[in-house]
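Each chain, written out:
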Amino acid sequence: MNYELNLKDYDRIIMGIDPGTNVMGYGVLGIIGKKAEVIVMGVIQLNRFETHYLRLGRIYERVSGLVQQYLPDELAIEAPFFGKNVQSMLKLGRAQGVAMAAALARDIPITEYPPLNVKKAVTGNGQASKEQVANMLKHLLSIPEEKMPDALDATDALAVALCHMYESQKPAIAKGPKSWKDFLAKNPDRIAPRLK
């Protein structure tokens, strides 16, 4: 959405995907330092394809095209949530897998996030509605009202990318020693000399 910068000007580019079998959302963020900027967001309409297999082919084709166009460094994808309809879950998992395969074909690392984690990262509430997520993104990323998409699948995908940015910027927690013996073995200079 903001093409003032060249893609090469960003420190990192993160693509987010909200998988779906009727509509698949995508969003691409350019990162400079700790600031995120929307590059593009939209949806892949799949309703016009008669069979599930044609839809999967279209997902692969479009995600591959987006990867080639925006050159993301990382892909963040929403993990399917567990529903009661097994057939829907199977189809959604296939759609997610095909999108992942398109990124893997270009050696792009992938991270999955459960919907609850994405909503919590963006709004602070894991039970937030799609509308609340969209409104928070509008505020956090300074998206003008006229640039907000009608399809909430696009903002959901952008939320996954933003969640990934937040998660990847958290400091790594150093693992402590397994025991005092392990600590002393790794830190002999920290042992006080015995008093005689």
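Residues numbered from 1 in each chain as written. Predicted model: local features only at pLDDT ≥ 70, side-chain atom pairs only at ≥ 80, totals over all residues. Heavy atoms only, no water.

Quick notes on the pairing of strand E3 (residues 35–45)
Thinking step 1. In terms of residue burial, E3 counts as a mostly covered element, since eight of its eleven residues are buried.
Thinking step 2. With ten bridges connecting them, strand E2 (residues 23–32) and E3 associate as antiparallel partners. Looking across to E3, one finds that Val-23 is bridged to Gln-45.
Thinking step 3. Between E2 and E3, which pair antiparallel in sequence order, lie two residues; one of them, Gly-33, sits at a positive phi of approximately 65 degrees. (Buried < 20%, exposed > 50% of the residue type's maximum accessible area, 1.4 Å probe, protein only. Helix = DSSP H or I, 4+ residues; strand = E, 2+ residues; numbered from the N terminus. Pairing = 2+ DSSP bridges.)

Section: the pairing of strand E1 (residues 12–18)
Thinking step 1. The buried fraction of E1 amounts to seven of the seven residues, a majority that puts the element mostly inside the structure.
Thinking step 2. Burial of the side chains of E1 extends over both faces: Arg-12, Ile-14, Gly-16 and Asp-18 are buried on one face and Ile-13, Met-15 and Ile-17 on the other.
Thinking step 3. When E1 meets E2, the two strands line up antiparallel, connected through seven bridges. Counterpart to Met-15 in the pairing with E2 is Val-28.

Brief notes about the sheet that holds strand E4 (residues 74–78)
Thinking step 1. Read from one edge to the other, the open sheet built from five strands follows the order E3-E2-E1-E4-E5, with strand pairing classed as mixed. Across the chains shown, the open sheet's two edge strands, defined by having one partner strand only, are E3 and strand E5 (110–113). In this sheet, adjacent strand axes meet at a mean angle of 20 degrees when their direction is disregarded.
Thinking step 2. Running over the sheet, helix H1 (residues 52–70) touches E1, E2 and E3 and is turned about 155 degrees from E3. (Axes fitted to C-alpha atoms, helices over the stretch in contact; angles between N-to-C directions. Contact = heavy atoms within 4.5 Å.)

Keep in mind that these numbers describe shape and distance, not what the molecule does.
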